[in-house]
Amino acid sequence: MFKKILIANRGEIAVRVIRACREMGIATVAVYSDVDRAALHVRKSDEAYPIGPAPAAGSYLRMDKILDVAKRSGAEAIHPGYGFLSENAKFAQACADVGVKFIGPTPHSMEMMGSKTRARQQMEKAGVPFVPGTSRGLASPEEGEEAAKRIGYPVMLKAAAGGGGKGMRLVHTCQELRSALESAQSEAQRSFGDSEVYIEKAIVNPRHIEMQVLADEHGNTVWLGERECSIQRRHQKVLEEAPSPIVDPDMRRRMGEVAVKVAQAANYTNAGTVEFLVDQQKNFYFLEMNTRLQVEHPVTELTTGLDLVHLQIRIASGEKLPFAQSDVAIRGHAIECRIYAEDPDNNYFPSPGKITVLLQPSGPGIRRDSGMYEGWNVPMDYDPLLAKLIGYGTDRQQAIVRLQRALYEYFVAGIKTNISLFQRILCDADFQAGKLDTGYLDRLLAKGNHAVTSRAPEPQIEALETIAAIAAGLFAVLDPASPVSKNGNTAGPPSVPSNWKQKGRSEALR
Amino acid sequence: MFKKILIANRGEIAVRVIRACREMGIATVAVYSDVDRAALHVRKSDEAYPIGPAPAAGSYLRMDKILDVAKRSGAEAIHPGYGFLSENAKFAQACADVGVKFIGPTPHSMEMMGSKTRARQQMEKAGVPFVPGTSRGLASPEEGEEAAKRIGYPVMLKAAAGGGGKGMRLVHTCQELRSALESAQSEAQRSFGDSEVYIEKAIVNPRHIEMQVLADEHGNTVWLGERECSIQRRHQKVLEEAPSPIVDPDMRRRMGEVAVKVAQAANYTNAGTVEFLVDQQKNFYFLEMNTRLQVEHPVTELTTGLDLVHLQIRIASGEKLPFAQSDVAIRGHAIECRIYAEDPDNNYFPSPGKITVLLQPSGPGIRRDSGMYEGWNVPMDYDPLLAKLIGYGTDRQQAIVRLQRALYEYFVAGIKTNISLFQRILCDADFQAGKLDTGYLDRLLAKGNHAVTSRAPEPQIEALETIAAIAAGLFAVLDPASPVSKNGNTAGPPSVPSNWKQKGRSEALR
Amino acid sequence: MVYEIIVGGKPHRLELEKAAGGWECRFDGQPVHIDAVIPRRDVLSLLVDGHAYEIKREQTATDLHMWVGSTRFAVELRDPRSLRSRQKAAGDEKGPRKILAPMPGRIVRLLVAENSEVESGQGIVVVEAMKMQNEIKSPKKGVVKKILATPGAAVNPGDILAIVE
Amino acid sequence: MVYEIIVGGKPHRLELEKAAGGWECRFDGQPVHIDAVIPRRDVLSLLVDGHAYEIKREQTATDLHMWVGSTRFAVELRDPRSLRSRQKAAGDEKGPRKILAPMPGRIVRLLVAENSEVESGQGIVVVEAMKMQNEIKSPKKGVVKKILATPGAAVNPGDILAIVE
């Protein structure tokens, strides 16, 4: 087993990996950018080294600096977390070159899965079901029109190197195809330096369901159950659960077997996730493979009783999987809420800044993986994931009510968070009925961003307003920090909400 | 289902029940004594009413005041938690008399189990195995000598109304018996107003293992697996786990079946626990039944995936058990540490007072049920249980390392806690090997109350001393709250550690 | 102690007087007995006629909010004895309007030049934070009198980015 | 900044000087570069040559402790510029000794009368807290000069219960 591991990441996932290492008796090495000196992962590690300025390109993405720290500190392995360098085959190769174990798959597997068309070709050989379409880039508009005619409209154009919605176009008719293809290709070229675009049948209202797999370096591969990840906004997952409300044991086994086939076809090792699109008839199609630990791995941990990070480390150190497929059983239900620093009242703008008050939930059925603390200044330079709140219950209903209770206890002041969004989702009738697809969240938000208050009856709101007013007065009297006439500011915030556009918010987080 | 429940308790268990009620959409009514106005259970409830002065006899034990609050607030049911009125059959009867549902068994079942001799007689009829001895009080010393001769020395004298070690005497020879019986009888009379004492074969180095049962009001009774509770100090449990390291599936099933038989013989309803003594040959003997929710119920919740408080409330509202015995499966391993306000460096003196700093652990496999918060003044009037830290893992080893990690993160300043004791237990070789009995903890403590530091190699300690010294200086410079020359106090704490005697620390907590 | 408090758009008068076991209050003249405790900074435990409320206070540079449970209320609090009075920014449609940074971030680019005419809702400047780009828009039709934002520069919430008149 | 610090029974001299990216320290004359941050009150994150330490400070009326990870160190800190100097309680075996309450509690009963002779370790007074009774004992053989504890009364940590001479 390794004696020391470097964690090439920050935030909640760095803390999560540090905890696993401490549990396994492994010393930890943190790296941090200039704005992360006081971050939780630095506080919790055994060693910590600065690697550069705030922008990730100068620090968390700098392979040379990270490998230099590994050398200096004597770390024998590197855990990349998710995002940053986690799916960078070059980094995995660079680790191998200097004799540091990369905790993840081989560079070869990562490269194969890095290109969507290459992965499709490989999976086609292995007999994996995927959405009808071409497995190669379109050479001409004519080729595209022909393929679209064969598979039937609507079709989706996708960048081979893509992700995060870039280089993607939904095309409904033959007339639209040519211009859509041109713009997809140029966007793909701009975004990824690769204009390759292929075509797929567009699945109407698909679900996004993924299967966790784990493979050791001795040829054993197992699946650990699916995660329902259909609740997304701007191609960004917001809430995930396991099991999926629509997957029964037979479908789970079939998906699991396909996922294992995918992993084996790629000679995959360590933890990985096979993503599927699922149509309304519950047909599932291979979408892509994520060659790293996912943000949402805790829901699988809670329903299987396993610790995926422990297992990642054991696999990387050469151990065999300590259990067989037949030992894996799914019990209960788990739901994860991604607590983001963003403002639900203002079109989910990012909201970095200082956390002035933090009340955190705990108790039965609640797991909290967090990278924040009261007094911490959330930097503006990274993605806005602050923490994950995961509820577990005997069944889905109990997981929901436990999360509702925990969200009620969760309070963050100083910055905005999306906590109220989860309260909306969890009490929504469609969500409770499990009627989900990737358009679900946009539809919910389109209903109007009602504050939670607006659902309460009017007299109750008035009563609570009275309480709020009395409380304001008592705070002023009892708590010396309270400023009276604080609102004398003539400027005020801009009264017209601006529109935010996403610009490649970390695909890593999907 | 009930619309409103009164919680006749305080501390972590009141918070735990309030959370369950919120999850079930039930309004909560808290009661509090004068020193508990700022307690967490008052902060978290929907309604709260004062019921008197700090001493429990004037507040939490006052049936009249509590029932008055139930009436005023319109609560339809009362959850008694553990301790206080939870095993008081008169209170259960008084609730029934005014039409408020007591969430627990009937007064009749409670009374039957309240007397150890009466329970023995009843269980004898039902064919339950228990330690050889008399099931009636001894009428004379001669009767005692005769019984002891029949069952063989060593024997244990026990008060019928007993608990907490009161009225108990271990007798090794015939010569000691007479005077031991006299002193046990007079102690039983003084402690319980009842001098009845019976005799049992003394089990050498027994384990204390208990079985959780659950019975609805429609005749269905199930067992939910055992808990190993052998780690005790002064008859007070300190750390519990599920499953027991020595119980295999067959033994579990046999103990479970006996426990169900015990419950059925008492017409038992709601949650209860059947305690067994287990000898070195793994024979188990009925000891007593606890007619309430136990402090250590979370370890059963984690290994079964069930929520016992939800189930208690559903049973009390008349629902049938939502599962059958065959649906119950034990998975993984859970260990609970009871965090007490007591000073491990000073013979585990109680340590009430203000919590000035509180850093609390979370993350994978960690459940924290707590009644404390930073800034809270822990009153001196109640038992010292502050919180429970429960670790869950795929197996016992993983539960241990996760707890060690979480204990490392746990920090309480201002008062003393027994956190370091758990670090000692969890890294002890006998504990790790599962070699436990009720004398285990006394033996461990007798090895000398080494601070955790004393196990580190000397150079490491010196290095850490240097860090401590530098830190003290930097605190003084950076943190304005730091007082220099704080130690100018001429008095200092008493230099001779005093000896503490237990005086009936809440048996409730067993 | 007397406060004027605006909540839900309506002004209220709150009188607080310390009494045995709590506070005697008058809220818009109505008497209420309140038991209040601050268990920790910015958290208030209120008991009103048996009902228990945990209220959290959130203060930013510009706003004061009270969270009653999970429900947030914007509150304005004035001590009538204080000389300061609040200048309403509303109704200010005619004059020059400052465009402020809504969060910390970095200026990515300017979308208009000084003295150009802009429509209401037209983008003025792009600010990036947390991997997202935010187009800050003009609150009104008018002329961009001044641009204070510099591409590449860091901004803090409340910093003036531009002035439209 | 210069401090005299006693830890592990030994005195040390600590010089601290603010420097680029941290502090230049001299610990007993040895130079060390330290990077220090206080993420929250009473918590200090130290980086020393790559090694990371989280130190918690615990202060009571009488003691100052540093927790390095899970290990606690009693520390005495003196600013040599300060006029106050610490009077050592140790070596005080000969004079009168105050017996102090070690925690908040209630006096249950007195075990001796004023002016009675007591042995070292003999119980003087019983204090109850958290359902446990604590016999507070004499630290030395001598005569109970004064008893300040009254049965039924509440005591706070550090309150003088009796004086033995």
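Up top is the structure these notes are about.
Residues numbered from 1 in each chain as written. Chains lettered and ligands numbered in written order. Predicted model: local features only at pLDDT ≥ 70, side-chain atom pairs only at ≥ 80, totals over all residues. Heavy atoms only, no water.

Draft legend 1. Fine view of the packing of aromatic side chains. In the structure shown here, the tally under the stated rule is 14 aromatic pairs over all chains. Pairing F84 of chain A with Y382 of chain A gives two aromatic rings, centres 6.4 Å apart and planes at 80°, and the pair type is edge-to-face. Pair noted here: F84 of chain A is in the loop between β4 (77–79) and α4 (89–97) and Y382 of chain A is in the loop between β20 (377–378) and β21 (385–393), with a separation of 298 residues, a long-range link. For the ring pair F91 of chain B and F102 of chain B, a centre distance of 6.0 Å and an interplane angle of 85° mean the geometry is edge-to-face. Placement of F91 of chain B in helix α4 (residues 89–97) and of F102 of chain B in strand β5 (residues 101–102) is noted, with a sequence separation of eleven residues between them. The residues F91 of chain B and F102 of chain B share a single accessibility class, namely buried. Grouping aromatic residues by their ring pairs yields a cluster made of Y60, F84 and Y382 of chain A. Here the guanidinium or amino end of R396 of chain B rests over the ring plane of F431 of chain B, the centre of that ring lying 4.5 Å away. Geometry around W23 of chain D places K18 of chain D over its ring, the cationic atom sitting 5.0 Å from the centre. (Phe/Tyr/Trp six-rings, centres within 6.5 Å; stacked < 30°, edge-to-face > 60°. Helix = DSSP H or I, 4+ residues; strand = E, 2+ residues; numbered from the N terminus. Buried < 20%, exposed > 50% of the residue type's maximum accessible area, 1.4 Å probe, protein only. Lys NZ or Arg CZ within 6 Å of the ring centre and 35° of its normal.)

Draft legend 2. Just the pattern of salt bridges, in detail. Across all of its chains, the model carries 100 salt bridges over all chains by this definition. A salt bridge links E87 of chain A to R292 of chain A, with the shortest nitrogen-to-oxygen separation between them at 3.0 Å. Of this pair, E87 of chain A sits in the loop between β4 and α4 while R292 of chain A sits in the loop between β13 (284–290) and α10 (297–304), and the two are 205 residues apart along the sequence. Taking relative accessible area as the criterion, R292 of chain A reaches 4% and is therefore assigned buried. A salt bridge links R338 of chain A to E296 of chain A, with the shortest nitrogen-to-oxygen separation between them at 2.9 Å. Here E296 of chain A lies in the loop between β13 and α10 and R338 of chain A lies in strand β14 (residues 333–340), a separation of 42 residues in the sequence. Residue class for E296 of chain A comes out buried when judged on its relative accessible area of 0%. The network of salt bridges with common partners includes R16, R19, E23, K44, E301, D307, R367 and D369 of chain A together with R402, R405 and E409 of chain B. (Salt bridge = Lys/Arg side-chain N within 4 Å of Asp/Glu carboxyl O.)

Draft legend 3. Inspection of the relation of the copies chain B and chain A at higher detail. For the pair chain B and chain A, the best superposition has an RMSD of 0.1 Å and corresponds to a rotation of 180° with a translation of 0.0 Å parallel to the axis. Here the transformation between the copies is reduced to the relation of a two-fold axis. Relative to the rotation axis, the closest C-alpha in chain B is found at R367 of chain B, a distance of 3.6 Å. Counting the interface residues of chain B, we find that 100% of their copies in chain A are interface residues as well, pointing to one common contact surface. (Least-squares fit on C-alpha atoms with pLDDT ≥ 70 in both. Contact = heavy atoms within 4.5 Å.)

Draft legend 4. Focus on α4 of chain A. All names here are of chain A. Residues of α4 that are buried include every one of A89, F91, A92, A94 and C95, and no others. Of the surrounding elements, those touching the buried residues of α4 are α3 (63–73), β4, β5 (101–102) and α5 (107–114). Residue N88 occupies the N-cap position of α4, its side-chain oxygen lying 2.9 Å from the main-chain nitrogen of K90. Positioned one or two residues after α4, G99 has a phi angle of 80°, which is positive. (Polar contact = N/O pair within 3.5 Å; in protein donor to acceptor, adjacent residues only side chain to side chain.)

Draft legend 5. Seen up close, the environment of V100 of chain B. Residue and element names in this part refer to chain B. Of note, V100 is situated in the loop between α4 and β5. A residue is classified by how much of its surface remains accessible, and V100, at 9% relative accessible area, is buried. V100 sits 273 residues away from Y373 along the chain, and the two C-alpha atoms are 32 Å apart. For V100, the residues in contact, after removing those within four places along its chain, are A70, A75, E76, A77, I78 and C95.

Draft legend 6. Summary view of the sheet that holds strand β6 (residues 155–159) of chain A. Residue and element names in this part refer to chain A. Strand order in the open sheet formed by three strands is β7-β6-β8, and the pairing between neighbours is antiparallel. Edge strands, defined here as strands with exactly one partner in the open sheet, are β7 (169–171) and β8 (197–201). Recorded for the sheet is a direction-independent mean angle of 25° between the axes of neighbouring strands. Both β6 and β8 contribute to a ladder of five bridges, which runs antiparallel. Within β8, the residue paired with M156 across the bridge is E200. In the packing of helix α7 (residues 141–151) onto the sheet, contacts are made with β6 and β8, and the angle to β8 comes to roughly 15°. The strands touched by helix α8 (residues 174–192) within the sheet are β6, β7 and β8, with β7 carrying the most contacts at an inclination of about 170°. (Pairing = 2+ DSSP bridges. Axes fitted to C-alpha atoms, helices over the stretch in contact; angles between N-to-C directions.)

Draft legend 7. Region of interest: the interface of chain B and chain A. Every contact between the two is made by 30 residues of chain B and, on the other side, 30 residues of chain A. Buried area between chain B and chain A, both sides added, is near 2800 Å², and the carbon and sulfur share of it is 46%. Here chain B is connected to chain A by ten salt bridges. Counting across the interface, chain B meets chain A through 22 residue pairs in polar contact (both at pLDDT 80 or more). For the side of chain B that touches chain A, the secondary-structure elements that each account for two or more residues are α1 (11–23), α10 (297–304), β19 (366–370) and α12 (396–409) of chain B. The dominant element in the side of chain B that touches chain A, judged by the number of residues it contributes, is α12 of chain B, at six residues. Of the residues assigned to the side of chain B that touches chain A, the class counts are nine nonpolar, eight polar and 13 charged. (Buried area = accessible area lost by both parts, 1.4 Å probe. Nonpolar A, V, L, I, M, F, W, Y, C, P; charged D, E, K, R; others polar.)

Draft legend 8. Just the side chain of N418 of chain A, in detail. All names here are of chain A. Mapped onto the elements of the fold, N418 is located in the loop between β22 (411–413) and α13 (419–426). Accessibility expressed as a relative area gives 0% for N418, which makes it buried. Reaching out from N418, the side chain makes a polar contact with the backbone oxygen of R338 at a distance of 3.0 Å. Among residues more than four places away in sequence, those in contact with N418 are R338, I339, Y340, E342, P344 and Y348.

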